[in-house]
Amino acid sequence: MPPTDDPSRRDSDFVTTFEPADERPSTAVVTAVAVFRDVPPIELSPLYDAVDPDALDAVVEHAQRVDEGGTHRVWFTYEGAEVGVRSDGEIRVRDTA
């Protein structure tokens, strides 16, 4: 697998955003992956098969509360894609292949 900083990999990334104060990151991830895969969200496997949705939401919420001036990112694999969720509301999805 190429390193994540490989510029050729960045071209295939799907990037979207959500508002951390208004939307649960776990919900935004399912929506983003559904768009990336071009399927309805209901056709995806449960997010909890890949990551604990409550823990993901808690990490982003905590990062928003402490606001240390930095951005936190969580990466995991879901539906055959690498998913990166940033505490500032960015979601990046890319194929694992």
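Note: the structure precedes this text.
Note that this is a predicted model, so its numbers are computed, not measured.

Draft legend 1. Quick look at the packing of helix α2 (residues 25-37) against helix α3 (residues 53-66). Following both chains from N to C, one finds α2 and α3 inclined at 115°, their axes separated by 8 Å at the closest point. For the element pair α2 / α3, the angle class is roughly perpendicular. Counted together, Pro25, Ser26 and Val29 of α2 and Pro53, Leu56, Asp57 and Val60 of α3 form the full contact between these two elements. For the contact of α2 with α3, the per-class residue count stands at five nonpolar, one polar and one charged.

Draft legend 2. The packing of aromatic side chains, seen in detail. Under the defined criterion, the tally for this structure stands at one aromatic pair. Where phenylalanine 14 meets phenylalanine 36, the ring centres are 6.3 Å apart and the plane angle is 45°; that geometry is what we call tilted. Here phenylalanine 14, found in strand β1 (residues 14-17), pairs with phenylalanine 36, found in helix α2; they are 22 residues apart in sequence, far enough to count as distant.

Thresholds applied
Residues numbered from 1 in each chain as written. Predicted model: local features only at pLDDT ≥ 70, side-chain atom pairs only at ≥ 80, totals over all residues. Heavy atoms only, no water. Axes fitted to C-alpha atoms, helices over the stretch in contact; angles between N-to-C directions. Helix = DSSP H or I, 4+ residues; strand = E, 2+ residues; numbered from the N terminus. Parallel < 35°, antiparallel > 145°, perpendicular 65-115°, else oblique. Contact = heavy atoms within 4.5 Å. Nonpolar A, V, L, I, M, F, W, Y, C, P; charged D, E, K, R; others polar. Phe/Tyr/Trp six-rings, centres within 6.5 Å; stacked < 30°, edge-to-face > 60°.

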